[in-house]
Amino acid sequence: MTTKILPGATGVLVLADGTVFQGVGVGATGSALGEVVFNTAMTGYQEILTDPSYMSQILAFTFPHVGNVGTNVEDIEQMGGGSDTSARGAIFRDTPTDPANWRADASFDAWMQRRGVVGLAGIDTRALTKRIRDKGAPHAVIAHDPDGNFDIDALVAQARDWTGLVGLDLAKPASTLQAFEWNEGVWDWPEGYPTVAGGKSVVVIDYGVKRNILRALASTGAKITVVPATTTAEEVLARNPDGVILSNGPGDPAATGEYAVPEIRKLVASGKPLMGICLGHQMLALALGARTVKMDQGHHGANHPVKDLTTGKVEIVSMNHGFTVDRDSLPDAVTETHVSLFDGTNCGIAVKDKPIFSVQHHPEASPGPTDSLYLFDRFAELMEPAVR
């Protein structure tokens with residue numbers, strides 16, 4: 001294969017089918033391998049790029065102007081690590097600009113360099129988005145070399161040889177290694193993130209949890225303990241929690257479910273209030289007897305309409321998932337509670353006669369609208385004995 005590198009091109013995106021996008025490299029130098037997806041959010045690029053659910057993915061922003069508010073140390077969503085446990089690369093229509101925001105403490109480009117995020121700017125993101133929409137999320141390599149030296153054949157072979165996300169358990173590397181407590185609430189202008197007092201005891205199983213899930217939960221009055229993904233049900237129940245959260249996270253739910261699903265079944269049987277989010281939703285569904293399937297391009301953005309079938313209300317939500325629960329596989333004991341108004345896919349379930357529910361979308365937002373924050377209050381109510 002012969003691909004001529006254009007004059008001034010310092011970055012490339014090379015797809016497994018040989019398609020090459022050329023532009024200006026930004027952020028970290030080097031290369032990164034992953035699945036390319038697009039995100040339709042107009043704001044919140046720092047939170048998006050630090051969401052562990054994007055692990056082993058390269059993210060294309062459909063909004064053309066990214067980087068103008070810079071970055072800060074407060075709005076990182078993952079608990080630790082860099083691009084190894086979040087998005088590997090990022091793609092933009094326009095080259096990121098210098099920051100112009102009172103909260104910024106670093107430019108977007110410098111922040112990407114520190115975190116090891118390889119960036120590419122100056123390409124036709126509409127063409128890339130259309131390709132993903134029509135043909136599915138491709139395997140690809142994103143590369144940045146200030147001298148513009150790229151071995152395209154080698155990059156194509158690398159992308160082609162990657163096995164992808166199916167069958168890949170990413171929750172273990174994304175998870176905490178040891179249990180810890182959390183008492184930080186949601187951001188409140190102008191003070192920032194407050195420390196809140198906890199009441200009801202909640203154990204959060206960390207499959208790649210976002211900080212704002214913990215903040216939203218803490219703001220309901222929960223006393224939170226976060227535990228690793230491999231924690232057994234016996235270890236969780238030994239803490240005598242009032243409720244349990246199954247967090248979001250990256251990878252194939254069936255792969256993570258090989259060790260997580262048997263423990264989730266025990267938690268279901270315990271009768272404890274249980275709430276799943278994103279990957280946690282998918283694995284709860286697996287534990288209840290349903291199936292999950294890989295989506296062609298997934299749902300990634302902060303403007304997705306979802307209907308709460310229990311109330312009839314439509315809410316605009318944040319989504320980030322490449323797998324979905326097969327709604328036709330839901331057993332009789334499970335009720336569908338939420339549905340996507342984009343494509344009709346399942347977005348929520350509840351177990352009949354048990355204090356257990358889960359949602360596919362991200363009620364904590366960050367970024368995105370806060371229409372679904374009520375779900376944390378719904379979970380808090382389930383932990384009240386009078387309600388149960």
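Refer to the structure printed above.
The structure presented is a predicted model; accordingly, all values stated were derived computationally and were not measured.

Scoring rules and cut-offs
- Residues numbered from 1 in each chain as written.
- Predicted model: local features only at pLDDT ≥ 70, side-chain atom pairs only at ≥ 80, totals over all residues.
- Heavy atoms only, no water.
- Core = buried A, V, L, I, M, F, W, Y, C linked by side-chain atoms within 4.5 Å.
- Buried < 20%, exposed > 50% of the residue type's maximum accessible area, 1.4 Å probe, protein only.
- Contact = heavy atoms within 4.5 Å.
- Phe/Tyr/Trp six-rings, centres within 6.5 Å; stacked < 30°, edge-to-face > 60°.
- Helix = DSSP H or I, 4+ residues; strand = E, 2+ residues; numbered from the N terminus.
- Lys NZ or Arg CZ within 6 Å of the ring centre and 35° of its normal.
- Pairing = 2+ DSSP bridges.
- Axes fitted to C-alpha atoms, helices over the stretch in contact; angles between N-to-C directions.
- Parallel < 35°, antiparallel > 145°, perpendicular 65-115°, else oblique.
- Left-handed = near helix turned anticlockwise from the far one by under 90°.
- Nonpolar A, V, L, I, M, F, W, Y, C, P; charged D, E, K, R; others polar.

As for the nonpolar core
Of all hydrophobic cores here, the largest spans 38 residues; its most connected members are L13, F61, I91, F92 and L128. Look past the residues within four positions of I91 in its chain and what remains in contact with it is L13, V36, I58, L59, A60, F61, L120, I123, T125, L128 and I142. Within the second largest apolar cluster, 30 residues are counted, among which are A229, L246, V325 and I356.

Here's the deal with the packing of aromatic side chains
Throughout the structure, instances matching the rule amount to four aromatic pairs. Geometrically, the ring pair formed by F108 and W111 is stacked, given 5.9 Å between the ring centres and 25° between the ring planes. Within this pair, F108 and its partner W111 are both found in helix α2 (residues 108–115), separated by three residues, close to a single helical turn. Among the aromatic residues, ring-to-ring pairing joins Y45, F61, F92, F108 and W111 into one connected group. Against the face of Y193 rests R215, its NZ or CZ located 3.7 Å from the ring centre. In this arrangement the basic side chain of K294 is found over the ring face of F323, its NZ or CZ atom lying 5.6 Å from the centre.

Topic: the sheet that holds strand β17 (residues 356–359)
Working definition: the strands of a sheet are paired by backbone hydrogen bonds and lie parallel or antiparallel to each other. Strand order in the open sheet formed by 10 strands is β8-β10-β9-β11-β12-β17-β16-β15-β13-β14, and the pairing between neighbours is mixed. Strand pairing shows two members of the sheet lacking a second neighbour, β8 (180–182) and β14 (313–325), which therefore form its edges. When strand polarity is set aside, the average angle formed by the axes of neighbouring strands in this sheet is 25°. The pairing of strand β15 (residues 334–340) with strand β16 (residues 346–351) spans five bridges and is classified as antiparallel. What sits directly across from H338, in β16, is G348.

Some remarks on the packing of helix α8 (residues 253–270) against helix α9 (residues 279–287)
Angle between the axes and distance between the axes: these two values describe a pair of packed helices. At a closest axis distance of 8 Å, the pairing of α8 and α9 adopts a crossing angle of 70°. What the angle tells us is that α8 and α9 run roughly perpendicular. For the pair α8 and α9, the crossing hand works out as right-handed. Side by side, α8 and α9 meet where P253, A254, T256, G257, A260, V261, I264, R265 and V268 of the first sit next to L279, Q282, M283, L284, L286 and A287 of the second. Residue classes in the contact of α8 with α9 are distributed as 11 nonpolar, three polar and one charged.

Observations concerning the environment of L330
Note that L330 resides in the loop between β14 and β15. The exposure class assigned to L330 is buried, which follows from its relative accessible area of 16%. In this view, L330 contacts A290, V325, E336, N346 and I349; residues no more than four positions away in its chain are not counted.

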